[in-house]
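The chain contents come next:
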Amino acid sequence: MAGMTALGLLLALAGCVGIYLASPNQRWLAAAWPATPARIGGGLLLAAGLAALLQDFQAVVAGFVLATWLMLLFVLLPYLGALFPDKKGR
Amino acid sequence: MRSDVIRIYKSVHTWTGIIAGMALFIAFYTGALTVFKEPLARWLSPPGAGVAAVSLAQTPALIVETIARHPEAARDFRLHLHPAEHRPARLTWQVRAAGADDHDQLSVRHYAATLAADGAASTGAVQASQLAEFIDVLHRVVGLPVDNDPNRWIMGAVAILYALALISGLIVLLPSLVKDFFALRVGRNPKRVWLDAHNVVGIVSLPFHLVMALTATVFAFHDGIYDLQDRILHGGRLETAFQGRAAPARQAARDPAELLAPAALIERVHALAPDFSPTMLQYLQVTGPRPLVRVWGHDESALSPRALGGFALLDPYTGKVLSTDYLSGRQDGPHTTVSSFFALHFATFGGVPVQWMYFLLGLAGAWLFYGGNLLWVETRRRKAARDGGAPPEQRRDVRLMAAATVGVCLGCVCGVSLTIVAGKWLHGHVADLTVWHRHVYYAVFFAAVGWAFLRGAARASVHLLAAAALFTFLIPLTTLLARLFPGLGLWAHGSPASLGVDLTALAGGLCFVWMAWATARRVRHGPADSVWSARDAQPMPLVPAGQGESPAAPR
């Protein structure tokens with residue numbers, strides 16, 4: 001995997017975690033992160049991830065890669081929360 | 001939105017999902033594996049002469065001699081540029097059985113040509129397993145054995161039901177979409193758990209599923225669509241429209257000795273697209289009046305328009321570039337748009353990371369349909385009275401649906417794992433390995449279905465998950481045995497692709513062990529008023545409808 005692709009996917013992962021933890025339905029933490037800053041931060045990380053992917057891929061491919069990655073992460077994050085809930089067992 | 005409208009869409013979603021769910025499970029489970037079709041083929045291919053036995057400089061002589069001995073090879077033969085376990089030789093070609101469907105790859109005979117030590121060409125049939133193709137067929141025609149027109153139409157009907165289920169499911173969820181986004185509430189209400197587990201996958205990966213539903217429908221009916229297009233738009237001349245930019249028809253047959261050297265063809269394509277890495281040259285009709293060569297390959301930065309990659313079309317005698325419509329990274333807007341649908345279905349963009357993403361999304365899709373059926377079962381559960389008493393007998397249709405879901409879905413998983421293993425153990429012991437892949441898969445599949453109905457969903461789910469774990473563990477175990485005991489006649493490749501199959505199977509086996517353990521716990525200790533409890537479960541009694549059901553129980 002090319003370096004910028006790895007960086008782009010990592011940035012997007014961080015962005016998705018931020019967006020997930022801002023949700024009232026998140027199950028990783030006892031309390032959700034403040035919605036607006038977490039969502040804005042997550043969005044910026046996603047934009048940075050896309051910018052990194054654009055270094056390795058044509059625009060259409062970078063968009064497809066990011067969309068596919070987001071779908072997978074947003075499926076996995078709630079399942080991880082259900083499998084390993086926070087200490088309060090939420 | 002009005003509640004009666006929601007109710008209608010809920011009915012549509014339930015019934016389309018129930019009708020198509022098990023077929024879609026098979027399509028998605030095998031589809032996830034098909035993403036790694038090449039590693040699977042590499043894992044299973046026995047050691048052979050391989051591509052490296054003939055240098056690229058020697059290939060012109062090999063081509064001439066092969067065509068002289070096997071004129072039928074001139075119609076379509078392939079020159080492989082990079083060695084891999086599943087490439088038996090530098091030059092290969094295929095012969096389709098008379099009367100076989102155009103899409104029926106399993107009826108194709110494979111041949112290979114290489115150079116012996118004395119420089120003479122050595123040609124012959126390849127006895128390699130068609131396992132990866134067989135799994136792909138299961139994927140393409142939702143578990144049916146042959147990829148032909150009727151089976152594709154069945155798949156198309158399933159894909160249409162799938163699309164309906166997606167759209168109706170989205171409409172049902174709209175009122176609570178924002179509020180319940182990311183919600184996966186694990187608690188004491190199993191129906192809520194299954195509903196959330198189903199909705200999370202369905203909603204978040206909806207674009208992926210919409211693309212799959214759309215492309216699968218088009219793939220199913222594309223022959224008919226092309227025929228209609230030909231009559232309405234092209235006046236019956238569609239084929240000539242495709243040939244419009246190809247080489248002009250020549251009158252005289254060509255001599256393969258005059259073919260441009262492969263290295264020169266590769267050089268032409270490299271000059272045209274420096275980022276494009278050729279993997280294979282596919283020669284078409286080289287002795288005929290319209291000879292062509294497709295230089296297949298990949299551009300890591302671009303999407304590939306086909307599962308094999310992209311290609312430039314050249315005249316193999318002059319090296320003149322005839323078309324770049326399908327050349328990765330050099331396509332125009334309209335071709336990129338159409339190719340995007342292929343790429344989004346086949347995961348031919350973004351390289352290995354995206355293949356893993358598709359693998360996991362494919363498995364998540366299989367889980368979506370399995371979970372959908374379990375949700376249907378859970379919704380129709382008869383609960384025990386709050387003040388205790390004997391648990392009510394569950395409805396017969398619910399027990400049958402639970403057994404069918406467990407049998408079909410886990411039967412597919414077990415069958416696929418065991419037929420992968422059988423590919424190595426049966427090699428050299430049976431005449432036609434491809435036929436045996438079918439025998440093994442369907443024997444296991446139908447045995448699993450029968451077992452689920454015989455023993456009931458609860459007990460059978462534990463047994464079949466344990467069987468799935470065992471059969472999946474046999475994949476890396478076979479590799480280990482091949483390493484430890486070479487006398488067994490097995491083989492083990494050390495390429496990352498081949499080892500990746502073993503490691504993935506090991507991880508899959510561990511997942512099945514965990515699922516079997518969790519299911520066994522539920523079956524033994526979970527609430528008795530459920531089809532998933534063995535405390536109350538009886539062997540599936542196939543009594544006439546109505547008998548054995550509590551008349552007092554709600555329907």
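Scroll up to find the structure this text is about.
Notes on the structure in this doc start here.

Scoring rules and cut-offs
Residues numbered from 1 in each chain as written. Chains lettered and ligands numbered in written order. Predicted model: local features only at pLDDT ≥ 70, side-chain atom pairs only at ≥ 80, totals over all residues. Heavy atoms only, no water. Helix = DSSP H or I, 4+ residues; strand = E, 2+ residues; numbered from the N terminus. Buried < 20%, exposed > 50% of the residue type's maximum accessible area, 1.4 Å probe, protein only. Contact = heavy atoms within 4.5 Å. Areas by Shrake-Rupley, 256 points an atom, 1.4 Å probe, with all protein chains shown as cover. Buried area = accessible area lost by both parts, 1.4 Å probe. Salt bridge = Lys/Arg side-chain N within 4 Å of Asp/Glu carboxyl O. Polar contact = N/O pair within 3.5 Å; in protein donor to acceptor, adjacent residues only side chain to side chain. Nonpolar A, V, L, I, M, F, W, Y, C, P; charged D, E, K, R; others polar. 1 Å grid on protein atoms, 1.4 Å probe; cavity = no way out; pocket = protein on both sides within 12 Å on 5 of 7 lines; lining within 4 Å. Points joined across faces, edges and corners; volume = space filled by probe spheres on them. Pairing = 2+ DSSP bridges. Patch = residues over 30% accessible without salt bridge, like charges linked within 9 Å, V, L, I, M, F, W, Y side chains within 5 Å. Axes fitted to C-alpha atoms, helices over the stretch in contact; angles between N-to-C directions. Parallel < 35°, antiparallel > 145°, perpendicular 65-115°, else oblique. Left-handed = near helix turned anticlockwise from the far one by under 90°. Phe/Tyr/Trp six-rings, centres within 6.5 Å; stacked < 30°, edge-to-face > 60°. Lys, Arg positive; Asp, Glu negative; His and termini not counted. Charge placed at Lys NZ, Arg CZ, Asp CG, Glu CD. Arc of directions from axis to C-beta.

With that settled, consider the overall build of chain A. The number of helices and strands found in chain A is 3 helices and 0 strands. Along chain A, from the amino end to the carboxyl end, the secondary structure elements read α-α-α. With respect to the principal axes defined by its C-alpha atoms, chain A has extents near 45 × 25 × 20 Å. Burial analysis of chain A (90 residues in total) assigns 47% to the buried set. For chain A, long-range pairs separated by at least 24 residues make up 64% of all intrachain contacts whose partners lie at least 6 apart in sequence. Just so you have it, chain A exposes about 4200 Å², and 74% of that area is on carbon and sulfur atoms.

At the junction of the two partners, chain B supplies 35 residues and chain A supplies 24 residues. With both chains or domains summed, chain B and chain A bury close to 2400 Å², and 77% of this area falls on carbon and sulfur atoms. Contact with chain A buries area across many residues of chain B, yet Phe-182, Leu-184 and Met-357 of chain B alone supply 28% of it, more than any other trio. Taken together, chain B and chain A are joined by 0 salt bridges. Counting across the chain B and chain A interface gives 6 residue pairs in polar contact (both at pLDDT 80 or more). Broken down by secondary-structure element, the contributors of at least two residues to the side of chain B that touches chain A are helix H6 (177-180), helix H7 (190-204), helix H8 (206-232), helix H11 (333-346) and helix H12 (351-379) of chain B. Counting residues per element, the side of chain B that touches chain A draws most heavily on H12 of chain B, which supplies 8 residues. The class makeup of the residues in the side of chain B that touches chain A is 24 nonpolar, 7 polar and 4 charged.

Turning next to the layout of surface pockets. All names here are of chain B. Here the second largest pocket defines a volume of roughly 900 Å³. Around the second largest pocket sit 39 residues that line it, and His-13, Thr-14, Leu-195, His-198 and Leu-375 are the ones nearest its centre. Secondary-structure elements contributing two or more residues to the lining of the second largest pocket are helix H1 (3-34), helix H5 (149-173), H7 and H12. Of the residues forming the lining of the second largest pocket, the biggest block, 12 residues, is contributed by H1. Tallied by class, residues from the lining of the second largest pocket come to 18 nonpolar, 14 polar and 7 charged.

It is worth spelling out the pairing of strand E2 (residues 91-96) of chain B at this point. All names here are of chain B. One ladder, built from 3 bridges, connects strand E1 (residues 76-80) with E2; its direction is antiparallel. In the sheet register, Phe-77 faces E2, and the bridge partner there is Trp-93. Here E2 runs beside strand E3 (residues 108-115); their pairing, made up of 6 bridges, is antiparallel. Looking across to E3, one finds that Gln-94 is bridged to His-110.

Quick look at a nonpolar patch on the surface now. A surface patch of nonpolar side chains, about 730 Å² in accessible area, is lined by Leu-76, Leu-80, Leu-83 and Phe-84 of chain A together with Leu-360, Trp-514 and Trp-517 of chain B. Of all the secondary-structure elements, those providing two or more residues to the nonpolar patch are helix H3 (59-83) of chain A together with helix H16 (496-525) of chain B. Ranked by residue count, the leading element in the nonpolar patch is H3 of chain A, at 3 residues. Position of Phe-84 of chain A among the secondary structure elements: in the segment after H3.

It is worth spelling out empty space enclosed by the protein at this point. Residue and element names in this part refer to chain B. In total, this model carries 3 cavities of 30 Å³ or more according to the counting rule given. For the second largest cavity, the calculated volume is near 110 Å³. For the lining of the second largest cavity, the elements supplying multiple residues, two or more each, are H6 and H7. The dominant element in the lining of the second largest cavity, judged by the number of residues it contributes, is H7, at 5 residues. Of the residues assigned to the lining of the second largest cavity, the class counts are 8 nonpolar, 2 polar and 2 charged.

Looking now at the packing of helix H2 (residues 35-56) of chain A against H3 of chain A. Residue and element names in this part refer to chain A. Close contact between H2 and H3 brings their axes to 9 Å; oriented N to C, the two are set at 135°. Classified by the angle between their axes, H2 and H3 sit oblique to one another. As for the relative orientation of H2 and H3, their crossing is right-handed in sense. For the pair H2 and H3, contact is made by Leu-46, Leu-50, Leu-53 and Leu-54 and by Ala-59, Ala-62, Gly-63, Val-65, Leu-66 and Leu-70, respectively. In terms of residue class, the contact of H2 with H3 is built from 9 nonpolar, 1 polar and no charged.

What follows concerns the packing of aromatic side chains. Across all of its chains, the model carries 32 aromatic pairs over all chains by this definition. With 5.7 Å between their ring centres and 40° between their planes, Phe-219 of chain B and Phe-342 of chain B make a pair best called tilted. In this pair, Phe-219 of chain B is assigned in helix H8 and Phe-342 of chain B in helix H11, connecting sequence segments 123 residues apart. Considered together, Phe-219 of chain B and Phe-342 of chain B belong to a single accessibility category, that of buried residues. An aromatic cluster is built from Phe-64 of chain A together with Phe-28, Tyr-162, Phe-208, Phe-349, Tyr-358 and Phe-369 of chain B, whose rings are joined through pairwise contacts.

On the surface, a cluster of positive charge is contributed by Lys-10, Lys-191, Lys-383 and Arg-386 of chain B. Note that Lys-383 of chain B resides in the loop between H12 and helix H13 (396-425).

Moving on, we come to the environment of Ala-12 of chain A. Following the sequence through the fold, Ala-12 of chain A ends up in helix H1 (residues 3-21). Taking the C-alpha atoms as reference, Ala-12 of chain A lies 17 Å from Ser-23 of chain A; in sequence the two are 11 residues apart.

Mapped onto the fold, Ser-417 of chain B is located in helix H13. Owing to a relative accessible area of 3%, Ser-417 of chain B belongs among the buried residues under this scheme.

This paragraph deals with helix H10 (residues 262-272) of chain B. Residues and elements named next belong to chain B. Looking at H10, one finds that the buried residues are Pro-262, Leu-265, Ile-266 and Val-269. Along H10, the residues classed as buried sweep out an arc of 100° about the axis, all on the same side. Summarising the contacts, the buried residues of H10 are in contact with helix H3 (59-69), E1, strand E5 (277-284), strand E6 (292-298) and strand E7 (310-314).

Next up on the list: unusual backbone geometry. For residues that are not glycine, phi is negative in most cases, and the peptide bond is trans in most cases. Residue and element names in this part refer to chain B. Positive phi outside glycine occurs at Val-142, with the angle close to 45°. Note that Val-142 resides in the loop between helix H4 (131-140) and H5. Although it is not a glycine, Gln-285 sits at a positive phi angle of roughly 50°. One can find Gln-285 in the loop between E5 and E6. Residue Gln-285 is classed as partly exposed on the basis of its relative accessible area, which comes to 41%.

Right, let's talk about the packing of helix H2 (residues 37-44) of chain B against H4 of chain B for a bit. Residues and elements named next belong to chain B. Here H2 crosses H4 at 145°, and the two axes come no closer than 8 Å. Where H2 abuts H4, its residues Lys-37, Leu-40, Ala-41 and Leu-44 lie against Leu-131, Ala-132, Glu-133, Ile-135 and Asp-136. A class-by-class count of the residues in the contact of H2 with H4 yields 6 nonpolar, no polar and 3 charged.

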